[in-house]
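Below, each chain spelled out in residue letters.
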Amino acid sequence: MKFFNITCADLYKIVDKLSLEPSKNKRRSPHPVFWYRLDGRKVLRTTLPNLHGGSGSISTGFLKSIRNNLRLTTQQFIDLIECPLTPEEFEAIVYQTLGSKNPHS
Amino acid sequence: MTSSFSTHPLQIREYPNQSYSTEEEQFNTLLMDRLETLTNQTSELRSDVIGITKYNAQIRDLGEDAFKLMEPIMVVIEEYPNEDSYIASYPELEVFGEGSTESEAIMNLKLAILDLYDDLLSTQSGELGDLPKNWLHILKQLIIKSNP
């Protein structure tokens, strides 16, 4: 899979895989926001394109912004969608990038 | 003189009548994966270097009377001319807005900042990680909520 071929449906696989939590606040923005929790606390936040908002094509800038929010390289981001990157591996990346100590390692 | 390519023992080109050992197949798969990774990285680099125009813009308000900015803030605009797309972002808060024009992207960024502010205010402090706590600290210094 190429980074630029990622679709809206592909992105929503991440929501289930990482148990991303939708923000409950009434939003003004056209796109939904999701939180990632680590050790029960909200640590990362990202915006996903509106699933019902169009043909499913996502701009490169939008994809890069999501990838940056999740602290991933392009390859890690693709692996996350395609499945080689497990939720546990993602958690380890977040611990590493946020400078927190991983209690499981 | 023989080049390093011609002396390489394994090939990725497939010949119809040639059989491959498991080791060769694994190597070919690995090579194809690496090639795809490099293709992705090259595409990204190309769009970074050629396709994107990046500049700063100043915003003075958040588009709602109920919320005032203490001072103008600098945001980053990225233009993707090949896709008719703009991203406006405020990196310190990790928020962004997208649009097909610069002004649409900025407007969506303002909405995203306000959503973030509300989102953080409505979350108990103990539930927030260090980074979101820092975002809230920044936002409290940036935004004044005026009573109607």
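Residues numbered from 1 in each chain as written. Chains lettered and ligands numbered in written order. Predicted model: local features only at pLDDT ≥ 70, side-chain atom pairs only at ≥ 80, totals over all residues. Heavy atoms only, no water.

When you go through chain B residue by residue, the secondary structure sums to three helices and six strands. Counting from the amino terminus, chain B carries its helices and strands in the arrangement α-β-β-β-β-β-α-α-β. For chain B, the residues scored as buried account for 39% of the 148 residues in total. Contacts in chain B between residues far apart in sequence, at least 24 positions, make up 36% of those at least 6 positions apart. Accessible area of chain B: about 9500 Å², with a carbon and sulfur share of 51%. (Helix = DSSP H or I, 4+ residues; strand = E, 2+ residues; numbered from the N terminus. Buried < 20%, exposed > 50% of the residue type's maximum accessible area, 1.4 Å probe, protein only. Contact = heavy atoms within 4.5 Å. Areas by Shrake-Rupley, 256 points an atom, 1.4 Å probe, with all protein chains shown as cover.)

Let's shift gears to the pattern of salt bridges. Should the charged atoms of two oppositely charged side chains come close, the side chains can pair. Within this structure, the stated rule accounts for twelve salt bridges over all chains. A salt bridge links E21 of chain A to R37 of chain A; its shortest N-O distance comes to 2.6 Å. In this pair, E21 of chain A sits in strand β1 (residues 21-22) while R37 of chain A sits in strand β2 (residues 33-38), placing the two residues 16 residues apart along the sequence. Connected through shared salt-bridge partners, E21, K24 and R37 of chain A together with E127 of chain B make up one network. (Salt bridge = Lys/Arg side-chain N within 4 Å of Asp/Glu carboxyl O.)

So, about the interface of chain B and chain A. In this assembly, 39 residues from chain B lie in contact with 34 residues from chain A. Taking both sides of the interface into account, the surface hidden between chain B and chain A amounts to around 3000 Å²; carbon and sulfur atoms contribute 45%. Remark: the boundary between chain B and chain A carries seven salt bridges. In this structure, R71 of chain A engages E94 of chain B in a salt bridge whose closest nitrogen and oxygen atoms are separated by 2.7 Å. Summed over the shared surface of chain B and chain A, the number is 19 residue pairs in polar contact (both at pLDDT 80 or more). Elements supplying a minimum of two residues to the side of chain B that touches chain A: α1 (22-51), β4 (85-90), β5 (95-99), α2 (102-121) and α3 (130-142) of chain B. Element by element, the count of residues in the side of chain B that touches chain A is highest for α2 of chain B, at nine residues. (Buried area = accessible area lost by both parts, 1.4 Å probe. Polar contact = N/O pair within 3.5 Å; in protein donor to acceptor, adjacent residues only side chain to side chain.)

Quick look at the pairing of β4 of chain B now. All names here are of chain B. Within β4, six of the six residues are buried, which leaves it mostly tucked inside the rest of the structure. The alternating pattern of β4 places S85, I87 and S89 on one face and Y86, A88 and Y90 on the opposite face, and all of these are buried. Bridge analysis of strand β3 (residues 73-80) against β4 gives five bridges, and the strand direction is antiparallel. By the bridge assignment, E78 is partnered in β4 with I87. Linkage of β3 to β4, two consecutive antiparallel strands, is achieved through a turn of four residues, within which D84 is found at a positive phi near 50°. Where β4 folds back onto β5 in an antiparallel hairpin, the turn is made up of four residues, including E94, whose phi is positive at roughly 55°. (Pairing = 2+ DSSP bridges.)

Taken together, three strands build an open sheet; the order of strands is β1-β2-β3 (chain A) and the sheet is antiparallel. In this open sheet, the two edge strands, each paired with only one partner strand, are β1 and β3 (41-47) of chain A. Direction of pairing for β2 of chain A relative to β3 of chain A: antiparallel, over a ladder of six bridges. When the sheet's bridge partners are listed, Y36 of chain A is paired in β3 of chain A with L44 of chain A. α3 of chain B contacts β2 and β3 of chain A of the sheet and is inclined by roughly 70° relative to β3 of chain A. (Axes fitted to C-alpha atoms, helices over the stretch in contact; angles between N-to-C directions.)

In this section: α2 of chain B. Residues that lie three or four places apart on an α-helix share one face, since the helix turns once every 3.6 residues. The end-to-end C-alpha distance of α2 of chain B is 29 Å, a good match for the 28 Å that 20 residues give at a rise of 1.5 Å each. For α2 of chain B, a buried count of 15 out of 20 residues is recorded, marking the element as mostly surrounded by other parts of the structure. (Expected span 1.5 Å × (residues − 1).)

In this fold, T123 of chain B is placed in the loop between α2 and α3. The class of T123 of chain B is buried, set by a relative accessible area of 9%. A C-alpha to C-alpha distance of 17 Å links T123 of chain B and I143 of chain B, two positions 20 residues apart in sequence. Once residues within four sequence positions are removed from consideration, T123 of chain B is found in contact with K42 of chain A together with L128 of chain B.

This brings us to the nonpolar core. L11, I14, Y36, F77 and F90 of chain A are the most contacted members of the largest nonpolar core, which has 33 residues in total. Of all the elements in the fold, those that place two or more residues in this core are α1 (8-17), β2, β3, α2 (60-69), α3 (74-82) and α4 (87-98) of chain A. Tallying contributions element by element places α1 of chain A first for this core, with five residues. Counting residues in hydrophobic clusters, the runner-up holds 30 residues, among them F67, Y86, V95 and I113 of chain B. (Core = buried A, V, L, I, M, F, W, Y, C linked by side-chain atoms within 4.5 Å.)

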